[in-house]
Amino acid sequence: FNGKSGSFVFDLNGNIKFLNNEPYRIEFDHILGNNTNQFKSFTITTEDGLVYTFGQAEQTRFNLQDGSSSYYTSSWYLTKIQNNAGDTIVSNYTVPADNYRFRKSSSEKLILGNIDQLFAINDSWSSISSSTDKVIYLNEIVFKQGRLVFTTSKRNDPYYVPNGMSPTLAVEKKLDLITLFDNNNSIIKKWQFGYTEDVGRLKLNTLSYLGQESSSVQVYRFEYDTTLLPLGSSNSNDPYETNSVDN
């Protein structure tokens, strides 16, 4: 966050322990009072006095092959930054009611053994698991001089949908436009993203900087190696290991 990082855990008594002795202070907004470790947001105050609030949680359900599942908070999103003068930068998010991101993972283990060169012990097993994330998208960032608005639309490239699950629940979005407004709601500038979606993976082709009249001021173009990579839902390896999430 803002060029900083840190890691912490809770001990058996619920006290915070920083893993690398970061000079930060953490405070939690507990759900049922201070006698529980469940919380709905937390703040981090850094050594320069800036206060960072993480108030948007992403929930994940982890599904095992045996049919069991568990829920946990997989990510916390930054929602506000405040300085000593009281100025704030606020991030607002859109949480679609029934949109989810599905991921799958598989593993296989093989045991080969030998005892006194008399016989070999062979055993193998495989397991498949999946996770379901509640999709969250950054909608706007509001600050003292204006705001940034992020416009998205539905992605059409292939993505993983579990068997028996409606594809309408697995809607992914891409970033189309970033618009900078002043406090009078006048457009200052825009950044527009152009894609190709009729291939196995979404590809960013252009990034256009637009002026107040939506005319192109500068266009950046991207070229790619034409070697085809596996689909995002594939268990195949590719030479760049970009598909490691699914392996």
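Residues numbered from 1 in each chain as written. Predicted model: local features only at pLDDT ≥ 70, side-chain atom pairs only at ≥ 80, totals over all residues. Heavy atoms only, no water.

## Remarks on the nonpolar core
Rule in force here: Here, the term nonpolar core denotes a set of buried Ala, Val, Leu, Ile, Met, Phe, Trp, Tyr and Cys residues that are joined through side-chain atoms within 4.5 Å. To sort residues, take the accessible area from a 1.4 Å probe on protein chains only and compare it with the maximum for the residue type: under 20% means buried, over 50% means exposed, and anything in between is partly exposed. The secondary structure listing takes helices from DSSP runs of H or I that are at least 4 residues long and strands from runs of E that are at least 2 residues long, numbered from the N terminus.
Formed by Y24, I26, F28, F39, F42, I44, Y52, F54, L78 and I81, the largest nonpolar core amounts to 10 residues. When residues of this core are traced back to their parent elements, those giving at least two are β3 (25-30), β4 (39-45), β5 (51-63) and β6 (69-82). Membership of the second largest hydrophobic core comes to six residues, among which are L148, F150, I178 and L180.

## Some points on the environment of I187
Rules: Residue contacts are counted whenever heavy atoms from the two residues lie within 4.5 Å of one another.
Locating I187 in the fold gives a position in strand β13 (residues 187-196). Residues I187 and R147 lie 40 residues apart in sequence; the distance between their C-alpha atoms is 9.9 Å. Contact partners of I187, with chain neighbours within four places excluded, come to T179, L180, F181 and Q212.

## Considering the confidence of the model for the chain
Low-confidence regions, as indicated by low pLDDT, have predicted coordinates that should not be scrutinised in detail. Note the cut-off: pLDDT expresses how confident the predictor is about each individual residue, on a scale running from 0 to 100.
For the chain, the mean per-residue pLDDT works out to 80, and 78% of the residues sit at or above 70. Counting interchain partners and residues more than four positions distant, the pLDDT-below-50 stretch residues 243-247 has 17 contacts.

## Considerations on the pattern of salt bridges
Test applied: Criterion for a salt bridge: a side-chain nitrogen of Lys or Arg within 4 Å of a carboxyl oxygen of Asp or Glu.
Under the defined criterion, the tally for this structure stands at five salt bridges. Measuring nitrogen to oxygen at the nearest pair gives 3.9 Å for the salt bridge that ties D87 to K144. Residue D87 is located in the loop between β6 and β7 (88-94), and its partner K144 is located in the loop between β10 (137-143) and β11 (146-154); the two are separated by 57 residues in the primary sequence. Given the relative accessible area of 30%, D87 is considered partly exposed. The partner of R147 in a salt bridge is E140, with the nearest N and O atoms 3.5 Å apart. With relative accessibility at 24%, the residue R147 sits in the partly exposed group. A relative accessible area of 17% places E140 in the buried class.

## Here we look at the environment of L138
Looking at where L138 falls in the secondary structure, it is placed in strand β10. With near-sequence residues (within four places) excluded, L138 lies in contact with S91, N92, Y93 and F150.

## Brief notes about a nonpolar patch on the surface
Our working rule: Patch rule: a residue counts if its relative accessible area is over 30% and it has no salt bridge; like charges are joined within 9 Å, and nonpolar side chains (Val, Leu, Ile, Met, Phe, Trp, Tyr) within 5 Å. The method behind every accessible area is Shrake-Rupley, applied with a 1.4 Å probe, and residues are considered shielded solely by the protein chains displayed.
Side chains of Y220, F222 and Y224 sit close together on the surface and give an oily, nonpolar patch of about 300 Å² of accessible area. Along the polypeptide, Y224 turns up in the segment after β15 (216-221).

## Brief notes about unusual backbone geometry
At N21, a residue that is not glycine, the phi angle is positive and equals roughly 55°. Mapping N21 onto the fold places it in the loop between β2 (16-18) and β3. A positive phi angle, near 65°, is found at N185, a position not held by glycine. Here N185 lies in the loop between β12 (173-182) and β13. Of the residues examined, N185 reaches a relative accessible area of 47% and is grouped as partly exposed.

## Considerations on the packing of aromatic side chains
The line we're drawing: Any Phe, Tyr or Trp ring, taking Trp's six-membered ring, that has another such ring centre within 6.5 Å forms a pair; planes under 30 degrees apart are called stacked, those over 60 apart edge-to-face, and the others tilted. By definition here, charges over rings are those cases where NZ of Lys or CZ of Arg is within 6 Å of the ring centre and within 35 degrees of the ring normal.
If you walk through the whole model with that rule in mind, you get 11 aromatic pairs. When the ring of F8 is compared with that of F18, the centres are 6.2 Å apart and the planes differ by 65°; the resulting orientation is edge-to-face. Here F18 lies in strand β2 and F8 lies in strand β1 (residues 8-10), a separation of 10 residues in the sequence. On the accessibility criterion, F8 (26% relative accessible area) is partly exposed. You can call F18 partly exposed: its relative accessible area is 22%. Taking the centre distance of 5.3 Å and the plane angle of 50° together, the rings of F10 and F28 count as tilted. Note that F10 is positioned in strand β1 and F28 in strand β3, a separation of 18 residues in sequence. On the accessibility criterion, F10 (33% relative accessible area) is partly exposed. Of the residues examined, F28 reaches a relative accessible area of 17% and is grouped as buried. By the ring-pair criterion, three or more aromatic residues cluster together here, those being F8, F10, F18, Y24, F28, F42, F54 and W76. Just above the ring of F181 sits the side chain of R147; from NZ or CZ to the centre is 4.4 Å.

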